[in-house]
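The primary structure of each chain is shown beneath.
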Amino acid sequence: IICPLNDNNDFEREGGAGTHWSLLVARVTAENQLSFEYYDSMGTSSLGDARRLAARLSMLRLAALGPGSGASAPGVAVVDCAKQENQSDCGVYVLLFVRSVLEAYLSKGAQDAAGAAAAVSAFRPQDAAQMRREVPELIRQEAAAMAAAKGGPT
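Trainee: Honestly, helix α2 (residues 90-108) in this entry has me stumped. Any pointers?
Mentor: Along an α-helix, a turn takes 3.6 residues, which lines up residues three or four apart on a common side. Along its 19 residues, α2 runs 27 Å from first to last C-alpha, staying within 8% of the 27 Å computed at 1.5 Å per residue. Listed in full, the buried residues belonging to α2 are Cys90, Val92, Tyr93, Val94, Leu96, Phe97, Val98, Ser100, Val101 and Ala104.

Encoded structure:
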């Protein structure tokens, strides 16, 4: 489960935006077991939020599996990942981290947390700049594909 986290805790605040993005990843590692990984390009400022979300996801899993399932509520492992060099690239780094987690999952399976961890620690500011250029183009491509599928202008 890929869970981007935003530090906005005031949902009534106008604009609704927080100031920082990080990532929580939940993996099923064995029958009835979850593991959680926390990725943050600035440190651990939202680790408490990640732990609360992990606890809630664990409770949902425990409730779904029923009593006597052997499932337990695990902790959250902080992954050593690349750190941003400015105050504005956290969302871009989350996208890079998600890409690495998904690529590791697709190539090695759910258990390959180590593959993702190795990749996320190697990102550089140039990778964030490249992702900033890629995202608008991906959005344009998706919008054109959706318009074409609906028979509208591309």
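Trainee: What should I look at first to understand the packing of aromatic side chains in this one?
Mentor: To describe a pair of aromatic rings, you give the distance between the ring centres and the angle between the ring planes. Using the criterion set out here, one finds three aromatic pairs in the structure. Pairing Tyr93 with Phe97 gives two aromatic rings, centres 6.0 Å apart and planes at 65°, and the pair type is edge-to-face. Here Tyr93 and its partner Phe97 are both found in helix α2, four residues apart, which amounts to about one turn of the helix. When its relative accessible area of 0% is taken as the criterion, Phe97 is described as buried. A ring pair is formed by Phe97 and Phe123, whose centres lie 6.1 Å apart and whose planes are at 35°; its orientation type is tilted. Placement of the pair is Phe97 in helix α2 and Phe123 in the loop between α3 (113-120) and α4 (125-150), with a sequence separation of 26 residues. The same class applies to Phe97 and to Phe123, which are both buried.

Trainee: Explain the pattern of salt bridges to me, please; I cannot follow it from the model alone.
Mentor: If the charged atoms of two oppositely charged side chains come close together, the side chains can form a pair. If you walk through the whole model with that rule in mind, you get six salt bridges. Close ionic contact of Arg52 with Asp49 constitutes a salt bridge, the shortest N to O distance being 2.4 Å. Of this pair, Arg52 and Asp49 both sit in helix α1 (residues 47-65), separated by three residues, roughly a single helical turn. Residue classification places Arg52 among the partly exposed residues on the basis of a relative accessible area of 45%. For Asp49, a relative accessible area of 19% corresponds to the buried category. Glu134 is the salt-bridge partner of Arg99, the closest N and O atoms lying 2.8 Å from each other.

Trainee: I would appreciate a short explanation of the nonpolar core in the present structure.
Mentor: Here is a general trend for soluble globular proteins: nonpolar side chains tend to be buried in one another's company. Residues Leu23, Tyr39, Tyr93, Leu96, Phe97, Val120 and Phe123 are the most contacted members of the largest nonpolar core, which totals 19 residues. Looking at this core, the elements with two or more residues in it are β2 (21-30), α2, α3 and α4. Ranked by residues supplied to this core, first place goes to α2 with eight residues.

Trainee: Sorry, what's going on with the environment of Phe97 here?
Mentor: Linking Phe97 and Ala116, residues 19 residues apart in sequence, is a C-alpha distance of 7.9 Å. Apart from residues no more than four positions distant in its own chain, Phe97 is found in contact with Leu23, Tyr39, Asp40, Ser41, Cys81, Ala82, Val120 and Phe123.

Trainee: I tried to follow the layout of surface pockets on my own but got confused; where do I start?
Mentor: Sizing a probe to match a water molecule and rolling it over the atoms shows the empty space that remains. The calculated volume of the largest pocket comes to roughly 190 Å³. Forming the boundary of the largest pocket are Leu5, Asn6, Asn8, Asn9, Phe11, Asp49, Arg52, Leu53 and Arg56. Of all elements in the fold, only β1 (2-6) and α1 reach the threshold of two or more residues within the lining of the largest pocket. Looking at the lining of the largest pocket element by element, the count peaks at four residues for α1. Its residues assigned to classes, the lining of the largest pocket shows three nonpolar, three polar and three charged.

The rules behind each value
- The numbers attached to residues start from 1 for each chain and follow its sequence in the written order.
- Only residues with pLDDT of at least 70 get local features here, since the model is predicted, and only at 80 or more are side-chain atom pairs given and counted; chain-wide, interface and lining totals rely on the full set of residues.
- Side-chain measures here rest on the full set of heavy atoms in the structure, leaving out hydrogens and waters.
- Comment: elements are numbered from the N terminus, with helices defined as DSSP H or I runs of at least four residues and strands as E runs of at least two.
- What a helix should span is 1.5 Å times the count of its residues minus one.
- Buried, partly exposed and exposed residues are distinguished by accessible area as a fraction of the type maximum, computed with a 1.4 Å probe on protein chains only: under 20%, between the cut-offs, and over 50%, respectively.
- Here the aromatic set is Phe, Tyr and Trp, taking the six-membered ring for Trp, and pairing holds for ring centres within 6.5 Å; pairs whose planes are under 30 degrees apart are stacked, those over 60 apart are edge-to-face, and all others are tilted.
- For this analysis, a salt bridge means a side-chain nitrogen from Lys or Arg found within 4 Å of a carboxyl oxygen belonging to Asp or Glu.
- Definition of nonpolar core: a set of buried residues of the types Ala, Val, Leu, Ile, Met, Phe, Trp, Tyr and Cys, connected through side-chain atoms within 4.5 Å.
- Two residues form a contact once any of their heavy atoms are found within 4.5 Å.
- Put simply, the grid is 1 Å and covers the protein atoms alone, a cavity is a trapped set of points that fit a 1.4 Å probe, a pocket is an open set with protein on both sides within 12 Å along at least five of seven lines, and lining residues have an atom within 4 Å of a point.
- Grid points are joined across faces, edges and corners, and a volume is the space filled by probe spheres set on the points.
- Residue polarity follows a fixed list, in which Ala, Val, Leu, Ile, Met, Phe, Trp, Tyr, Cys and Pro are nonpolar, Asp, Glu, Lys and Arg are charged, and the others, Gly among them, are polar.

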